[in-house]
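If you want the building blocks of each chain, they are given just below.
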Amino acid sequence: MTLLATLFRRCPRRALLLLPLLVLALGPSARTEPAPAADGRVIVLGFDGADHRTAAEMMARGEMPNLQRLAEAGTFAPLGTTYSAESPVAWAALNTGQNPSKTGVPGFVMRTLGDDPQNPLPPMPDIGFYEYQERPVDREHMPEAPWYVLGLAKDGGKQLALYAAVGVLLVFLIVFKLLLRLKLVVALGLALVLSAAGAWGALSASEHVPRSIPKIVANPVQVDSFWEVAAREGKRAVVLDAAMCWDRSAEPNARVMAGLGLPDVRGAYGDWFVYTDDPYELEKPPIGNTKGLTGGAIFRVNFRDGRAETVLVGPRDFVELDKLKRQLEKQREIAADPAKGYAATDAAAQEVERLEKEVAKKADDRVEAPMTLEKLDGGRLRVTIGGRSEDLAVGEWSEWFEPVFELSPLIKAHAITRVKLLEQEPGEDRIELFVDVMHIDPRNPLFWQPASQPITYSQDLAAAAGRAFETVGWACITMAYKDEKIDPVTMLQDIEYTLKWREEITRRSLESDDWDVLMTVFSTPDRVQHMTYHFYDEQHPLYDAEAANRKMTFFGEEITLKEAIPAIYRQIDRIVGMVTDEYMADDDVLLVCADHGFQSFRHQVSLNAWLAREGYLVLKDGVNGRMGNLLQFVDWDRTKAYALGLGMIYVNQQGREPGGIVPANQVDALSREIRERLLALTHEVDGETHRVVRDVTVMADVHDGPFLDREGELMVGFEPHYRVSWNTTTGGVSLARQEGGGFGVGDVIYPNDSHWSGGHVSVAPDAVAGIFASNRVVDLPASGAHLLHIAPTTLQLLGIAPPPGLDLEALPLR
């Protein structure tokens, strides 16, 4: 009875709902015993975006001594990447040893023709590295859900109500008759009353649990990662912040903390917020001002007597939405049943109409959590979230706040977030509070969107580190800087914070002796290079010497923004040294790898504009400036090819695209014709002629997997400093006003004027090779090391034969 007393004392509301169910709790399940560890362990150390060219140059200058030691005693070499060199594509391939046509991950963006093959839609851009799914709340689809949630969701809690009634009857009959020694008739009567109350409680509690949850962010990877294969063979695997590994079935011997791909509490990626009393901002939560933003929103807050009450915006209210959907379904059944009589069916039909509007309105409604802001003396701001307050000076970051979003008395979404009081320009008198992503709290993970496998592993990591940590797959606030809502110093402070906590959980894992293979990935080199190349590269269109020489403290050293990229490479080297010097035994093997390298992104290329100028794509008559995106400008009856995504070109094929005009037997010849013309594209820069395209790959020549249809016919590989244009990604084209009126095709090549100034996507793979290193001498093939070598090599080092289907064989080590 101690458990009951504690529950009633701490949470009486929940206790009343769960009282009849507590007697049904099950004991712990059995666990598979792992195989004993091998003599030598394998450590796979991943660095997102670690460029071989940049590292080699710094090593030559003596700036990366730990990698230099590996190069001298073992191996250091370029690591080939995928077509295209995009992080989700490359990491999925590295993890599995299989190319994108087998993994099912073609890119950040892919083409879709709709879900109905009998009624295909015109080509449209779609997300390529995750997908939304609606899943029933049951043991098959949500094995990590609490037992009471599964029981209440099943048949509306009827079966659980029966079990609860019987359980409560037996328990209290024993209590009243045997312990309290009441008369049988009295004991039975009281037990029956409590039994009925228990059944009613279970049925009532079922209203607080959805039968299904929509828009769960699902992982599209179709094949196994090397640690899943190893775990099934009895090897103990630890994986930290690896990309494309969320939403996978748990393997008994594998503990996996997800990285790139894992969403936040809102089911989104990188949704940041700025709360401001700027009089020109009008939109309050939950909508906010999103105009011109690639992520996040700006919310207006109104201060009265120095105090503002506002809200944080959390997950979709799927519990209330589910209730409405069930009510709608019931009314539809009545409306369709003539036996109910005209009056009943007519009333039900009207209710159906009302509920359909309610469901549509509720689909995007979100749960909120309160936040209070109070202005203090000296420009300070007191922020209160989740019952905790913190006073911030201008330019100061908070510690973790812990907002809780209550979807129902039984289901809550626990988040963590940090805030920063932003600095203002001289003379401006307003508050701007930056609020970071609503991360899934690793100590209280979501059963419908676990952050780790098993779900308890994120809790174990937080306990070992003694604190919570960021969990969203894209943890750094790059988009807020891209959208010019924060400065580069704020962004780099956040990047430093991210790397430090990832190093901390890596250290805690390396210190233990309960693994045979450990993989840990640091994504921060990628984020720094994406966002600071315009400070590093003096030829970049946005380069400004004064801005590049702005100083800040980064990892304890004073640097200029121009030095941010070398500084993050020094952190790569420091971490390599930390692992080799502090945690490796003599017979351990270290593999250092990257998904791709980097180049400065100076010029963007509109592939659809090029296709139009070459006659492969035809604009609609009367095209206007509002039609420059989502392929709205295409005259499908006269178009042979089009582009969308990050470098893919698709043929408008008969029988596939709705307006397809190219017969299937002409697709290959047309693809090779486009390839040859693209290779001839040049660009004049300061009087010099530059080649723009290094290679164009016919995808059917290099890939033959079951998901080849998710890729385009061609993948463009640009020369360094060129990249596919921003508008091409979403199926856009550059348009320009014509002298005679109307719009026509605009420039093919133009400057990249975005803070997102470093790139790798759509760049030729050999121009963005990542790093590969090992403490062992590796006999490299003539074609060099490739990220597809990592999975089979790791498995072979563990004494496991690589499974069929892998693209390359293991690398021989000495």
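Definitions and cut-offs
- Residues numbered from 1 in each chain as written.
- Predicted model: local features only at pLDDT ≥ 70, side-chain atom pairs only at ≥ 80, totals over all residues.
- Heavy atoms only, no water.
- Helix = DSSP H or I, 4+ residues; strand = E, 2+ residues; numbered from the N terminus.
- Expected span 1.5 Å × (residues − 1).
- Buried < 20%, exposed > 50% of the residue type's maximum accessible area, 1.4 Å probe, protein only.
- Arc of directions from axis to C-beta.
- Patch = residues over 30% accessible without salt bridge, like charges linked within 9 Å, V, L, I, M, F, W, Y side chains within 5 Å.
- Areas by Shrake-Rupley, 256 points an atom, 1.4 Å probe, with all protein chains shown as cover.
- Salt bridge = Lys/Arg side-chain N within 4 Å of Asp/Glu carboxyl O.
- Lys, Arg positive; Asp, Glu negative; His and termini not counted.
- Polar contact = N/O pair within 3.5 Å; in protein donor to acceptor, adjacent residues only side chain to side chain.
- 1 Å grid on protein atoms, 1.4 Å probe; cavity = no way out; pocket = protein on both sides within 12 Å on 5 of 7 lines; lining within 4 Å.
- Points joined across faces, edges and corners; volume = space filled by probe spheres on them.
- Nonpolar A, V, L, I, M, F, W, Y, C, P; charged D, E, K, R; others polar.
- Core = buried A, V, L, I, M, F, W, Y, C linked by side-chain atoms within 4.5 Å.
- Contact = heavy atoms within 4.5 Å.
- Pairing = 2+ DSSP bridges.

Draft legend 1. Broad picture of helix α9 (residues 184-205). In a regular helix each residue adds 1.5 Å, so 22 residues correspond to 32 Å; α9 covers 31 Å between its end C-alpha atoms and thus fits that length. All of the buried residues in α9 are Ala187, Ala191, Ser195, Gly198, Ala199, Gly201, Ala202 and Ala205. The buried residues of α9 occupy one face: seen down the axis, they fall within an arc of 155 degrees. In α9, the exposed positions that point more than 90 degrees away from the buried face belong to Val185, Val193 and Trp200.

Draft legend 2. A nonpolar patch on the surface, seen in detail. Residues Leu162, Tyr163, Val166 and Leu170 make up a contiguous nonpolar surface patch of about 390 Å² in total accessible area. On the secondary structure map, Tyr163 appears in helix α8 (residues 158-179). Note on Tyr163: relative accessible area 43%, which makes it partly exposed.

Draft legend 3. Representation of the side chain of Glu470. Structurally, the position occupied by Glu470 is in the loop between α13 (457-465) and α14 (478-482). Although buried, Glu470 forms no salt bridge, and the nearest oppositely charged side chain, Arg418, lies 5.2 Å from it. At 2.7 Å, the side chain of Glu470 and the side chain of Thr498 are in polar contact. A distance of 2.3 Å separates a polar atom in the side chain of Glu470 from a polar atom in the side chain of Trp501.

Draft legend 4. Main features of the layout of surface pockets. Its volume calculated, the largest pocket comes out at about 1500 Å³. Taken together, 50 residues form the lining of the largest pocket, with Ile127, Tyr269, Thr294, Gly295 and Met479 sitting closest to its centre. When residues of the lining of the largest pocket are traced back to their parent elements, those giving at least two are β4 (124-127), β10 (297-300), β11 (307-316), α14, α16 (524-536) and α22 (726-729). Broken down by element, the residue count for the lining of the largest pocket peaks at 4 residues, all from α14. Here the residues of the lining of the largest pocket are counted per class, giving 27 nonpolar, 12 polar and 11 charged.

Draft legend 5. Spatial organisation of empty space enclosed by the protein. Taken as a whole and judged by the stated rule, the model has 3 cavities of 30 Å³ or more. As for the largest cavity, its lining consists of 16 residues, of which Pro214, Lys215, Val265, Gly267 and Trp448 are closest to the centre. For the lining of the largest cavity, the secondary-structure elements that each account for two or more residues are β6 (212-218) and β11. At 5 residues, β6 tops the list of elements feeding residues into the lining of the largest cavity. Classifying every residue of the lining of the largest cavity gives 10 nonpolar, 2 polar and 4 charged. The volume enclosed by the second largest cavity comes to roughly 50 Å³. In terms of lining, the second largest cavity is formed by Asp48, Trp91, Asp241, Ala242, Ala243, Gly259, Leu260, Gly473, Val521, Ser523 and Arg527. In the lining of the second largest cavity, the residues fall into 5 nonpolar, 3 polar and 3 charged.

Draft legend 6. Representation of unusual backbone geometry in the model. A cis amide bond links Tyr83 to the next residue, Ser84, at an omega of -5 degrees. The topology assignment puts Ser84 in the loop between β2 (75-80) and α5 (87-96). Residue Pro454 is bonded to the preceding Gln453 through a cis peptide linkage, with omega at -5 degrees. Turning to its location among the elements, Pro454 is positioned in the loop between β20 (452-453) and α13. A positive phi angle, close to 55 degrees, is found at Lys215, a residue other than glycine. Looking at the secondary structure, you find Lys215 in strand β6. Although it is not a glycine, Glu484 adopts a positive phi angle of roughly 60 degrees. Mapped onto the elements of the fold, Glu484 is located in the loop between α14 and α15 (488-511).

Draft legend 7. Expanded view of the nonpolar core. In terms of nonpolar packing, the biggest core is built from 226 residues, with Phe47, Val383, Leu433, Trp448, Ile649 and Ile674 touching the most fellow members. At 10 residues, the largest contribution of residues to this core is made by helix α18 (residues 564-582). In this structure, Val383 is in contact with Met371, Thr372, Leu373, Arg388, Ser389, Glu390, Leu392, Phe401, Val419 and Leu433, ignoring residues within four places of it in sequence.

Draft legend 8. Focus on the pairing of β10. Covered by surrounding structure in β10 are Ala297 and Phe299 together with Ile298 and Arg300, the residues of both alternating faces. Across 4 bridges, the pairing between strand β9 (residues 273-276) and β10 is parallel. Opposite Val274, over in β10, you have Ile298 as the bridge partner.

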